[in-house]
Amino acid sequence: MVFSLADAISHAQSSARAVLEGPDINRALIRISHEILERTKGAQDIVLLGIPTRGVHLAHRLAAHIRQFEGRSVPVGSLDVTMYRDDLRLRPARALGRTELPADGIDGKIVVLVDDVLYSGRTVRSALDALNDLGRPQAVQLAALVDRGHRELPIRPDYVGKNLPTSKSEIVKVYLEENDGRDAVLLLKEDEK
Amino acid sequence: MKRHLISAADLSRDDALLILDTADELAKISERSIKKLPTLRGRTVVNLFFEDSTRTRISFEAAAKRLSADVINFSAKGSSVSKGESLKDTALTLEAMGADAVVIRHGASGAPHRLATWVRGSVVNAGDGTHEHPTQALLDAFTMRRRLGSLDGRKITIVGDVLHSRVARSNVLLLSTLGAEVTLVAPPTLFPVSVDSWPCQISYDLDAVLPKSDVVMMLRVQRERMNAAFFPTEREYSRRYGLDRDRVARMPDEAIVMHPGPMNRGMEIAAEVADSPRSTIVEQVANGVTTRMAVLYLLLGGADLGGEIQ
C-alpha cells in the first residue's frame with residue numbers, strides 16, 4: 001500500500017472520508033501525552049518506542065508534548081519489527097526499518113510502544129518479541145493513533161487517539177507531515193486502493 | 001532480487017544497495033547481548049565446501065545461526081566425495097534432505113551455476129575456482145561504505161594476483177555497479193586475457209596509482225594455483241607490488257587498506273601495514289557475518305519465489 005501525496009489528495013477530494021484532520025490528530029496526541037503522564041506518575045522512567053515508519057514520528061511528537069507540559073525530555077527510540085513478523089513468508093523479503101534504542105536502554109523502564117494504526121495486533125506481538133531480545137522492561141504499554149478493531153490476538157491498547165469502527169474491506173491510511181507532507185487519517189473503501 | 005547469488009553481476013544497483021542497507025541494520029545485532037533473530041527459524045542452510053576455507057565457512061555458519069536457521073556443514077574431506085561421488089549426486093542428496101539454501105565453495109569455476117539447476121533452494125556462491133566470490137565483494141563494499149560513505153565516484157585500486165582472484169572479478173563488477181571507479185594493478189603476467197572487457201582501468205605501475213586511491217585492496221598471491229613462473233622472484237614481486245610503509249605514506253590521508261585474507265605477510269602486504277589503523281582487515285571479517293546475514297535474509301526470509309528444478 002504505497003500512496004503518493006497526489007493520490008491521497010485526489011482520494012480525499014473524491015470519495016475517501018477524512019476521519020481525522022491535522023488539528024484532530026494534534027488534539028488526540030495532546031490527550032494521549034496527558035494520559036501517559038497520568039498513568040506513569042509524571043512519565044518517570046518511560047521510554048517511547050515508535051514502530052517505523054509513522055509510529056516513530058508519533059513517538060517524537062508525544063515526547064515534544066510531554067516536554068512542553070512537564071519540562072522534562074523523555075527518551076525516544078524506534079523499534080523495527082520486520083525480522084519478528086509472522087507473515088514474512090507471505091511476501092518477498094522486505095527492507096528493514098531502523099531500530100534505535102536510547103543510550104540507557106530499556107531495562108527496568110516503562111516502554112510505551114507507539115504505532116499509527118492498531119489492527120490485527122500482529123505487529124504489536126512482533127514488537128513484544130523484539131523487546132524480549134533487547135532487554136527487560138519493567139512494563140510495556142501501547143499507544144495507537146487509530147484503533148480500527150478486528151484484533152486477531154489478545155492485545156489491547158493503553159492509549160488510543162481514536163476508536164474507528166471499520167469493516168475489514170476498508171483501508172485506514174495515516175498521513176503525517178514528517179513523512180507525507182500533511183496530517184490526516186483517511187478511510188478508503190477496498191475498490192479505492 | 002534473483003533466487004540465487006552466483007555472480008556479483010546478478011545484482012542490480014538497487015539489489016546491491018538493499019543488501020548493504022539491510023546489513024547496516026543487522027550490524028547492530030552483533031552489538032546486542034542476544035545476537036539472534038528468529039527470522040529463518042525452521043529453514044535449513046547447507047554449507048557445501050569442496051575447498052578449504054576458514055573465514056568464509058565460519059562466517060556463513062555464524063550468519064545462518066544468528067538468523068536461527070539450521071546449519072549443516074559439509075566438507076569434501078571425510079564425505080562420500082572422497083569415494084568419488086559426483087557433484088550432481090551430492091546435490092540430489094541435499095535436495096532430498098530439503099535444503100532451503102546451499103552455500104557452495106568449489107575449485108571449479110561454474111560449479112555453483114550447475115548446482116543451481118539441480119536444487120530447489122537458493123544457491124549462494126562462496127567462491128568458485130578463479131571465477132567469483134560475490135559475498136566477499138559485498139562485505140568489501142559494506143566495509144568501504146562504513147569507512148568512506150557513498151561509493152559513487154570513489155577511486156578503488158585492487159592490486160596483485162588478478163589472474164587467479166575470484167575476489168577481484170566480483171569486486172570489479174559490484175563496485176562498478178555501485179558507481180566506483182576501479183583500477184586493477186598487477187604485473188602483465190597476472191592479468192587474465194579478458195580483462196579489457198571488465199568495467200575498470202588497468203595499470204602496471206602501483207606507485208602512479210596510489211596517490212589517487214581512496215581504497216587500496218591487496219590480493220593474496222595464490223601460489224597454490226600457480227602452475228608457471230608468473231614473476232621472477234617473490235622478492236621482486238614484493239618490491240614492485242607489495243604494500244609497505246613507504247607506499248602507504250603516498251596514499252591520501254583518508255585512504256584505507258583492505259585485504260580479503262588470508263594474508264601472506266611480507267609478500268603482498270607488510271605486517272606493519274596490515275596491523276595499522278588504516279587497515280580494515282579485521283573489520284572485514286566482522287562485516288562478513290553481517291553482510292551474509294543480509295544475503296541469507298533477503299534470499300530466504302520472504303515468500304518462496306517458486307524455484308523449479310530445471
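All of these numbers come straight from a predicted model, not from anything done at the bench.

Asks: With reference to specific residues and values, describe the overall build of chain B.
Replies: Within chain B, the secondary structure is distributed over 11 helices and 9 strands. The globule rule puts the C-alpha radius of gyration for 310 residues at 19 Å, and the 19 Å found for chain B is close to it. Considering only C-alpha atoms, chain B reaches an extent of 55 × 45 × 35 Å along its principal axes. Scored against the burial criterion, the 310 residues of chain B give a buried share of 58%. When contacts within chain B are restricted to residue pairs at least 6 apart in sequence, those whose partners lie at least 24 apart make up 75%. Of the roughly 12,800 Å² of accessible surface on chain B, a fraction of 50% belongs to carbon and sulfur atoms. Placing the 39 positive and 38 negative side-chain charges of chain B at their respective mean positions leaves the two points 3 Å apart.

Asks: Run through the UniProt feature "binding site: L-aspartate" (unreviewed entry) in chain B, naming residues and quoting values.
Replies: Residue and element names in this part refer to chain B. Under the present numbering, the feature "binding site: L-aspartate" (unreviewed entry) in UniProt falls on Lys83, Arg166 and Arg220. Spanning 138 residues, the named residues are also spread out in space, since their farthest C-alpha pair is 31.7 Å apart. The class of Lys83 is exposed, set by a relative accessible area of 73%. Along the polypeptide, Arg166 turns up in helix α6 (residues 166–177). A relative accessible area of 9% means that Arg166 is categorised as buried. Apart from the residues lying within four places of it in its own chain, the contact partners of Arg166 are Glu51, Arg105, His106, Gly127, Asp128, Gly129, Thr130, His131, Glu132, His133 and Arg225.

Asks: Give me the lowdown on the sheet that holds strand β4 (residues 110–118) of chain A, citing residues and values where you can.
Replies: All names here are of chain A. Spatial strand order, β3-β2-β4-β5-β6: 5 strands in an open sheet with parallel pairing. The sheet is open, and its two edges are formed by β3 (76–78) and β6 (159–163), each paired on a single side. Between one strand and the next, the sheet's axes are offset by a mean angle of 25 degrees, whatever the strand orientation. Note that β4 and strand β5 (residues 139–147) share 8 bridges and pair parallel. When the sheet's bridge partners are listed, Val112 is paired in β5 with Gln141. The strands touched by helix α2 (residues 22–39) within the sheet are β2 (46–50), β4, β5 and β6, with β6 carrying the most contacts at an inclination of about 150 degrees.

Asks: Describe the nonpolar core, naming the residues involved and giving the relevant values.
Replies: Of all hydrophobic cores here, the largest spans 107 residues; its most connected members are A:Leu79, A:Leu113, B:Ile158, B:Leu174, B:Leu184 and B:Leu243. With 10 residues, helix α11 (residues 281–300) of chain B is the single largest residue contributor to this core. Residues contacting B:Leu184, with those up to four places away along its chain left out, are B:Ile158, B:Val162, B:Val172, B:Phe191, B:Val195, B:Trp198, B:Cys200, B:Gln201, B:Ile202 and B:Ser203.

Asks: Quick one: what's the story with the sheet that holds strand β5 (residues 155–159) of chain B, residue by residue and with numbers?
Replies: Note on sheets: strands pair through backbone hydrogen bonds, and any given pair is parallel or antiparallel. Residue and element names in this part refer to chain B. Across the sheet, 5 strands lie side by side as β7-β6-β5-β8-β9; this open sheet has parallel pairing. Each edge of the sheet is formed by a strand with only one pairing partner; in this case those strands are β7 (201–203) and β9 (256–258). Averaged over all neighbouring strand pairs, the angle between strand axes comes to 20 degrees, with direction disregarded. Note: β5 against strand β8 (residues 215–218), 4 bridges, orientation parallel. Note on β8: the bridge partner recorded for Val159 is Met218.

Asks: A description of the interface of chain B and chain A should follow, citing residues and the corresponding values.
Replies: Often the size quoted for an interface is simply the accessible area lost on bringing the parts together. In this assembly, 19 residues from chain B lie in contact with 19 residues from chain A. Buried area between chain B and chain A, summed over both chains or domains, comes out near 1,500 Å², and the portion from carbon and sulfur atoms is 59%. Joining chain B to chain A, the criterion identifies 1 salt bridge. Between A:Arg98 and B:Glu25 there is a salt bridge; the shortest N-O distance is 3.3 Å.

Asks: So what's going on with the pattern of salt bridges? Which residues, and what values?
Replies: Residue and element names in this part refer to chain B. Taken as a whole and assessed by the stated rule, the structure comprises 36 salt bridges over all chains. The salt bridge involving Asp21 is made with Arg145; its shortest N-O contact spans 2.9 Å. In this pair, Asp21 is assigned in helix α1 (residues 13–26) and Arg145 in helix α5 (residues 134–148), connecting sequence segments 124 residues apart. With a shortest N-O distance of 3.6 Å, Arg154 and Asp214 are connected by a salt bridge. Separated by 60 residues along the polypeptide, Arg154 in the loop between α5 and β5 and Asp214 in the loop between α7 (206–209) and β8 bring together distant segments of the chain.

Asks: Pulling in residues and values, what's your account of helix α2 (residues 55–66) of chain B?
Replies: Residue and element names in this part refer to chain B. Across its 12 residues, α2 extends 16 Å between first and last C-alpha, which sits within 8% of the 16 Å expected from 1.5 Å per residue. Of the positions making up α2, those classed as buried are Thr56, Ser59, Phe60, Glu61, Ala63 and Ala64. Against the buried residues of α2 lie β1 (44–49), β2 (70–75), β3 (101–106), β4 (122–128), α5 and α11. Of the residues one or two after α2, Ser68 is the one with positive phi, at around 70 degrees.

Asks: I'd love a proper account of the packing of α2(B) against α11(B), names of residues and values included.
Replies: To characterise two packed helices, one gives the angle between the axes of the helices and the distance between these axes. Residue and element names in this part refer to chain B. Across the interface, α2 lies against α11 with an axial gap of 8 Å and an inter-helix angle of 50 degrees. With respect to their mutual orientation, α2 and α11 come out oblique. α2 and α11 meet at a crossing whose hand is right-handed. Contacts from Arg55, Thr56, Ser59, Phe60, Ala62, Ala63, Ala64 and Arg66 in α2 reach Val285, Gly288, Val289, Arg292, Met293 and Leu296 in α11.

Asks: Before we move on, can you summarise empty space enclosed by the protein with the specific residues and values?
Replies: With the rule as written, the count across this model stands at 2 cavities of 30 Å³ or more. Volume-wise, the largest cavity comes out at about 110 Å³. Listing elements by their share of the lining of the largest cavity, those giving two or more residues are α2, α5 and α11 of chain B. Counting residues per element, the lining of the largest cavity draws most heavily on α11(B), at 5 residues. Across the lining of the largest cavity, the residue classes break down as 4 nonpolar, 7 polar and 2 charged. There are two domains that each give the lining of the largest cavity at least three residues, and those are domain 1 (8–133 + 286–300) and domain 2 (134–281) of chain B. In this structure, the second largest cavity spans a volume of roughly 30 Å³. As for the second largest cavity, its lining consists of A:Leu29, A:Ile32, A:Leu62, A:Val114, A:Asp115, A:Ala143, A:Ala144 and A:Leu145. For the lining of the second largest cavity, the elements supplying multiple residues, two or more each, are α2, β4 and β5 of chain A. Here the element with the most residues in the lining of the second largest cavity is β5(A); it accounts for 3 residues. Partitioned by chemical class, the residues of the lining of the second largest cavity number 7 nonpolar, no polar and 1 charged.

What counts, and where the lines are drawn
Residues numbered from 1 in each chain as written. Chains lettered and ligands numbered in written order. Predicted model: local features only at pLDDT ≥ 70, side-chain atom pairs only at ≥ 80, totals over all residues. Heavy atoms only, no water. Helix = DSSP H or I, 4+ residues; strand = E, 2+ residues; numbered from the N terminus. Rg over C-alpha atoms; globule rule 2.2 N^0.38 Å. Buried < 20%, exposed > 50% of the residue type's maximum accessible area, 1.4 Å probe, protein only. Contact = heavy atoms within 4.5 Å. Areas by Shrake-Rupley, 256 points an atom, 1.4 Å probe, with all protein chains shown as cover. Lys, Arg positive; Asp, Glu negative; His and termini not counted. Charge placed at Lys NZ, Arg CZ, Asp CG, Glu CD. UniProt positions renumbered as here; feature names shortened; annotations may be inferred. Pairing = 2+ DSSP bridges. Axes fitted to C-alpha atoms, helices over the stretch in contact; angles between N-to-C directions. Core = buried A, V, L, I, M, F, W, Y, C linked by side-chain atoms within 4.5 Å. Buried area = accessible area lost by both parts, 1.4 Å probe. Salt bridge = Lys/Arg side-chain N within 4 Å of Asp/Glu carboxyl O. Expected span 1.5 Å × (residues − 1). Parallel < 35°, antiparallel > 145°, perpendicular 65-115°, else oblique. Left-handed = near helix turned anticlockwise from the far one by under 90°. 1 Å grid on protein atoms, 1.4 Å probe; cavity = no way out; pocket = protein on both sides within 12 Å on 5 of 7 lines; lining within 4 Å. Points joined across faces, edges and corners; volume = space filled by probe spheres on them. Nonpolar A, V, L, I, M, F, W, Y, C, P; charged D, E, K, R; others polar. Domains from an automatic or database assignment.

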